[in-house]
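Each chain, letter by letter, is given below.
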Amino acid sequence: MCGAKVLRLYSVRDFAFSYTVESAQPLTFYSDYEVRSGAISFPYKDSMVSLKYKSSDSKGVFYLVGGAGGSGFGSKELSKLFRLEDNMDNIYGKISTDAFMKSSVEKYRGMRLTHNDPWITTLVFIISQFNNIKRIRRIVKTLMEKYGDAIYDGDKVVGKAFPRMETLSRLSVKELMACGAGFRADYIREASRYCSENLDLYRLGSKDYDTIKSELMQVRGVGDKVADCIALMGYGKLEAFPIDTWVKRVVERVYFKGKKKSIKEIHTFAEDRWGGLAGYAQQYLYWHGMHSL
DNA sequence: ACCCAGGCGGGCG
DNA sequence: CGCCCGCATGGG
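None of the values given here were measured: they were computed from a predicted structure.

Peer 1: Mind laying out the overall build of chain A, listing which residues take part and the relevant values?
Peer 2: Helices and strands together make up the secondary structure of chain A, namely 15 helices and seven strands. Taking 19 Å as the expected radius of gyration for a compact globule of 293 residues, we find that chain A reaches 19 Å, a close match to that expectation. For the C-alpha atoms alone, the extent of chain A along its principal axes is close to 60 × 50 × 35 Å. For chain A, the proportion of its 293 residues judged to be buried stands at 54%. Within chain A, contacts between residues at least 6 apart in sequence are counted, and of these 66% link residues at least 24 apart. Here chain A displays about 14,100 Å² of accessible surface, and carbon together with sulfur accounts for 49% of that area.

Peer 1: A description of the state of the cysteines should follow, citing residues and the corresponding values.
Peer 2: Joining two cysteines, a disulfide is a covalent bond between their sulfur atoms. If you walk through the whole model with that rule in mind, you get zero disulfides. Here Cys195 stays free of any disulfide, with the sulfur of Cys229 as its closest cysteine sulfur at 15 Å. In this structure Cys195 comes out as buried when scored by relative accessible area, which is 5%.

Peer 1: Describe the domain arrangement of chain A, listing the residues and the values that go with them.
Peer 2: Assigned domains of chain A: these are domain 1 (7-85), domain 2 (87-107 + 239-293) and domain 3 (118-233). In this structure, domain 2 and domain 3 have C-alpha centres spaced 26 Å apart. Listed by partner, the interface residues are 14 residues for domain 2 and 10 residues for domain 3. Here domain 2 meets domain 3 over a buried area of about 750 Å², counting both sides, of which 72% is carbon and sulfur. Ranking the residues of domain 2 by area buried against domain 3 places Glu239, Ala240 and Pro242 at the top, with a combined share of 49%. At the surface where domain 2 touches domain 3, the tally comes to zero salt bridges. Our enumeration of links across domain 2 and domain 3 arrives at one residue pair in polar contact (both at pLDDT 80 or more). Listed by contribution, the elements that provide at least two residues to the side of domain 2 that touches domain 3 are α14 (263-274) and α15 (278-292). In terms of residue count, α15 provides more of the side of domain 2 that touches domain 3 than any other element does, six residues in total.

Peer 1: Got a sec to walk through the nonpolar core? Specific residues and values, please.
Peer 2: Soluble globular proteins: nonpolar side chains tend toward being buried together. Membership of the largest hydrophobic core comes to 94 residues, with the highest contact counts inside it found for Phe62, Phe82, Ile95 and Trp274. A total of eight residues in this core trace back to one element, the largest contributor, which is α15. If near-sequence neighbours (up to four positions away) are discounted, Ile95 is found in contact with Met101, Val105, Trp274, Leu277, Tyr280, Ala281 and Tyr284.

Peer 1: Got a sec to walk through the protein's contact with DNA strand B? Specific residues and values, please.
Peer 2: Neighbouring DNA strand B are 27 residues, the closest being Asn131, Ile133, Val226, Arg249 and Gln282. Across the atoms of DNA strand B situated within 4 Å of the protein, the share located in sugar and phosphate is 62%. The backbone of Ala24 places a nitrogen or oxygen atom 3.0 Å from a base nitrogen of DNA strand B. In this structure, a sugar or linking oxygen belonging to DNA strand B sits 2.9 Å away from a side-chain N or O atom of Gln129. Listing elements by their share of the surface near DNA strand B, those giving two or more residues are α12 (224-233), α13 (245-255) and α15. Examining the composition of the surface near DNA strand B, we find that four residues originate from one element, α12, more than from any other.

Conventions and cut-offs
- Residues numbered from 1 in each chain as written.
- Chains lettered and ligands numbered in written order.
- Predicted model: local features only at pLDDT ≥ 70, side-chain atom pairs only at ≥ 80, totals over all residues.
- Heavy atoms only, no water.
- Helix = DSSP H or I, 4+ residues; strand = E, 2+ residues; numbered from the N terminus.
- Rg over C-alpha atoms; globule rule 2.2 N^0.38 Å.
- Buried < 20%, exposed > 50% of the residue type's maximum accessible area, 1.4 Å probe, protein only.
- Contact = heavy atoms within 4.5 Å.
- Areas by Shrake-Rupley, 256 points an atom, 1.4 Å probe, with all protein chains shown as cover.
- Disulfide = S-S within 2.5 Å.
- Domains from an automatic or database assignment.
- Buried area = accessible area lost by both parts, 1.4 Å probe.
- Salt bridge = Lys/Arg side-chain N within 4 Å of Asp/Glu carboxyl O.
- Polar contact = N/O pair within 3.5 Å; in protein donor to acceptor, adjacent residues only side chain to side chain.
- Core = buried A, V, L, I, M, F, W, Y, C linked by side-chain atoms within 4.5 Å.
- Near = heavy atom within 4 Å.

This is how it looks when you write it as structure tokens:
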């Protein structure tokens, strides 16, 4: 940090930095975060972004720590990534439908959904399936280190970009297995190829939720749950409700007296109960459920 | 040793 | 549609 420029980027309230960054969203897997200093760094396009968040009382301030200039990452991008314009009072009012949701909101108040790059989100959640958080991170980091384009500050390599889909599509299953991907190696290869040749992820953003989800499910390795994760965290579709083992378990236990319910029944339940904010409800259900059940 | 992890694809009835 | 199975790998 010797002589680095520090730029005040954004002031915000109802924001919990660590919960937002650590709650198994894409940033959890592709960024480096220091809890103590409140500093985070991650690649954005072809440069590194370093942020600090300092909170005092009920509000906090984001600072952009200098470094490689011209990253194109400013207050607008920051606001989109961390959904800083979300009205949390309104959201909490609508998702706090019962005691379980209320206690989750109370405990993790300020945890935001994040709105990430669609390709990053797609790859991260393909890797997430039948996997645990620590290992997801390790696989993502390995892919970045081995196959991400080098990011320079002058002539010094300061980081690695997120691997491009074209790069990964040319790798062999064996090379991907060597990154620890396991049986997902084939999914990664096929998804990378399909997204670089047959499906433009960056043209999906303007479509509605149902279209986005069904288009995503054409990608190898993307099923109902992963498609919802991408719709939610890659396209900002707040009605998406990803159902993983934890969410299924929580919903069955809290709302159906432990009775088994199908994925379809749970989707219907979530839509009826939380509607267009089901995605936020899911994030609080998931994180609280995983830590309390 | 055994079980599970932010599931999915494929095959079956 | 529902159900069942196998899938690599590492940590508890």
